[in-house]
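Given next are the chains, with one letter for each unit.
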Amino acid sequence: MPQWIKPGTTYEFYGPRRRAYAISWGLTLASFVALGVNVLWRGSALNYGTDFTGGSQLQVQFSRAVRPAEVRGALEKGGFGGSEVVAMTVGAPPNTFMLRMGEVSACSAAEREKATAELKRAFGAPIRKLDYKEGSDKIYVLLPARSDVTKKVAEEDAARQIEAAFTAAGVEVQQVRLFGRARDGSFEVSLGGLGGGVERALTAALGAGSVRDIPQVETVGSRMGRQLRDSGIKSLIYSMLLILLYITLRFDLRYAPGVLIALVHDVVITVGLFAVLWHEFSLSVVAALMTIAGYSVNDTIVVFDRIREDVARFRDRKFDRVVNGAINETLSRTLLTSLTLVTCLALWGLGTGPIREFGFALSIGILLGTYSSIFVASPMVVYFNERVAAIGRKGAVAR
C-alpha cells in the first residue's frame, strides 16, 4: 500500500478535539434546526420523493424547446394541476423535463364511480365488485351473479361491454380479458397508464408531435409511500443498534459509544444538508445513508484495531498519546480509502435524478466519515476510557 504519510510523522489530532467537538455539535444542532424550520416553513422536514409521499414521477422528452411555464400550464389545462416541472440539464437528452405530480392512477375515483354506473347500465344489475389498488394499472371487475360468460361468445361480448363502459367513463383501456374461472365472472381490465393521459394533455396544449418520448413513469401509492418511509427509518435505527452490539463484542464497551456517536453525527449532518438544500430525499438516499454508516464503521475499526495493538505495545505511554499515534499510523490508509470520493463525485456531477442525490449523499458522507473517525470516534475512546478508569478508582477507594 502506498505510504502517503512518511513513517514516524506525527500530527496532533487529539489536542484540538474540543474545537472539533464544537464544529460537530454546531453542525449537528444546525441540522436539527433546519429540519424544524422546514416543518414550520414548508410543512415537511425533508423534501420527500414519491417513494415516500406517493405520487408519480415522469420523464418527458419534447421534440422542440419549451419553457417550464408552458409545460406547467399544459398540465394544468389537462387536469394535472400542482405538478412540479423541472428541466433536466445534465445527463439527459435535450428538451427533457422531470414531472412530479400527486396523481398515482390512470383511473381516478370519479372515473371508477362513473364506470361502475356504466357497467350497471350495460349488464342490467350492479356489478358485485370493482377492485382497484392505488397506483396499479389493472382493475378487476366481478360481474353480476346472473351473468353467464361460460360460453366464448358471451365472454367476448362481456369484455366488449366492459371496455365500452370504461371508455364512456373517460378511462383509456388497453385490454379486457377473463380472469380466473369463467363461472366466477371476473374480468381483468388493463389500463392505458398515467403516461398516456399526460401525453394527451401536453399534446393538446403544445401541439401534435410536441412530445417525443416518455421514457420513465414511476408511481407509488400514498400508503405504500408511508410504509417505505417508516421501513427506511427503522432500517437505519436497527443497523446502528447492531453496529453498537458488534463493536461491543469485538472490542469492549469503551469503544462502542464513540462509534455510535460518530455514526449519528455523520447521518444527522448529511440529512441536515438535504434539509438545508431541499434536495429530494428518496429510498436511494436512505441506501446511501446506510452505506455511509458502513463506511464510517469500517474506517473507525481500522483505527481502533491499531489502538488496541499499540496499547499492548506501548504500556508506558499515556492512552491519549497511544490514540494519537494510532491515528497517524493509519492515516495513509484512511486517505487512500477516501479516494472513493472521486467515484461518488462523478455520480453526483454526471448522474441524474435519484443517482445524482445518491452520489451527493455518499460524497458528503465519506467526507464526514473520514472526519468523524479521526476527530470524533477516537477522542471519544479516550474520554470513555478515562470515565471507566475513574469509576474503577472510586470503587477501589470505597473498598
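Here's a quick rundown of the structure. (Residues numbered from 1 in each chain as written. Predicted model: local features only at pLDDT ≥ 70, side-chain atom pairs only at ≥ 80, totals over all residues. Heavy atoms only, no water.)

**Structural notes on the overall build of the protein chain**
Of regular secondary structure, the protein chain possesses 13 helices and ten strands. Dimensions along the principal axes, computed over C-alpha positions, put the protein chain at roughly 95 × 55 × 45 Å. Among the 399 residues that make up the protein chain, the fraction classed as buried is 44%. A sequence separation of at least 24 residues applies to 71% of the contacts in the protein chain between residues at least 6 apart. A total accessible area of about 20,500 Å² is found for the protein chain, and carbon and sulfur atoms account for 59% of it. (Helix = DSSP H or I, 4+ residues; strand = E, 2+ residues; numbered from the N terminus. Buried < 20%, exposed > 50% of the residue type's maximum accessible area, 1.4 Å probe, protein only. Contact = heavy atoms within 4.5 Å. Areas by Shrake-Rupley, 256 points an atom, 1.4 Å probe, with all protein chains shown as cover.)

**Topic: the sheet that holds strand β7 (residues 173-178)**
On the basis of which strands lie adjacent, the open sheet formed by four strands has the order β5-β6-β8-β7 and antiparallel pairing. Whereas interior strands pair on both sides, the edge strands pair on one side only; in this sheet they are β5 (129-132) and β7. Mean inter-strand twist for the sheet, computed between neighbouring axes without regard to direction, equals 20°. Taken together, the five bridges between strand β6 (residues 138-142) and strand β8 (residues 186-191) define a ladder with antiparallel strand orientation. Opposite Tyr140, over in β8, you have Glu188 as the bridge partner. Each of β5 and β6 is contacted by helix α4 (residues 109-123), which is oriented at about 150° to β5, the strand it contacts most. (Pairing = 2+ DSSP bridges. Axes fitted to C-alpha atoms, helices over the stretch in contact; angles between N-to-C directions.)

**Description of the pattern of salt bridges**
Scanning the model with the defined rule gives 13 salt bridges in all. For the salt bridge of Asp157 with Arg160, the shortest nitrogen-to-oxygen distance reads 3.8 Å. Here Asp157 pairs with Arg160, and both are found in helix α5 (residues 152-168), just three residues apart, close to one helical turn. On the basis of relative accessibility, which here comes to 35%, the residue Asp157 falls in the partly exposed class. Because the salt bridges share partners, they merge into one network encompassing Glu12, Asp320 and Arg321. (Salt bridge = Lys/Arg side-chain N within 4 Å of Asp/Glu carboxyl O.)

**Focus on unusual backbone geometry**
Not every positive phi belongs to a glycine, and Asn95 is a case in point at roughly 60°. Positionally, Asn95 belongs in the loop between β3 (84-87) and β4 (96-101). Located in the positive-phi region is Trp278, a residue other than glycine, with phi close to 55°. Topologically, Trp278 is positioned in the loop between α8 (256-277) and β10 (280-281). Classification of Trp278 as partly exposed rests on a relative accessible area of 24%.

**Considering the packing of aromatic side chains**
Evaluated as defined, the whole model comprises eleven aromatic pairs. Between Phe274 and Phe281, the aromatic rings sit 6.0 Å apart at their centres with planes inclined by 90°, giving edge-to-face as the arrangement. Members of the aromatic cluster, each reached through a chain of ring pairs, are Tyr48, Phe274, Phe281, Trp348 and Phe360. Taking NZ or CZ as reference, Arg42 lies 4.2 Å from the ring centre of Trp278, over its face. Arg317 extends its terminal NZ or CZ atom over the ring of Phe314, reaching a point 3.9 Å from the ring centre. (Phe/Tyr/Trp six-rings, centres within 6.5 Å; stacked < 30°, edge-to-face > 60°. Lys NZ or Arg CZ within 6 Å of the ring centre and 35° of its normal.)

**Some points on the environment of Ser332**
When you line up the elements, Ser332 lands in helix α11 (residues 331-337). Each C-alpha atom of the pair Ser332 and Lys6 lies 8.7 Å from the other, and the pair is 326 residues apart in sequence.

**What to know about the nonpolar core**
Counting residues in hydrophobic clusters, the biggest one holds 54 residues, and the most contacted among them are Ile247, Phe281, Phe304 and Ile307. Of all the elements in the fold, those that place two or more residues in this core are α1 (17-41), α7 (222-250), α8, α9 (283-313), α10 (319-329), α12 (340-350) and α13 (353-398). Each residue touching Ile307, except ones within four places of it in the same chain, is listed here: Tyr255, Phe319, Val322, Val323 and Ala326. With 22 residues, the next largest nonpolar core counts Phe123, Ile139, Ile162 and Phe187 among its residues. (Core = buried A, V, L, I, M, F, W, Y, C linked by side-chain atoms within 4.5 Å.)

**Some details on the side chain of Ser282**
Mapped onto the elements, Ser282 comes out in the loop between β10 and α9. Excluding residues that lie within four positions of it along the chain, Ser282 makes contacts with Asp51 and Phe52.

**Topic: helix α3 (residues 68-77)**
Along α3, the positions that sit buried rather than exposed are Val71, Ala74 and Leu75. Buried residues of α3 fall within an arc of 100° about the axis and therefore sit on the same side. Packed against the buried residues of α3 are β2 (55-62), β3, β4 and α6 (194-206). Phi turns positive, to about 95°, at Gly79, one or two residues after α3. (Arc of directions from axis to C-beta.)

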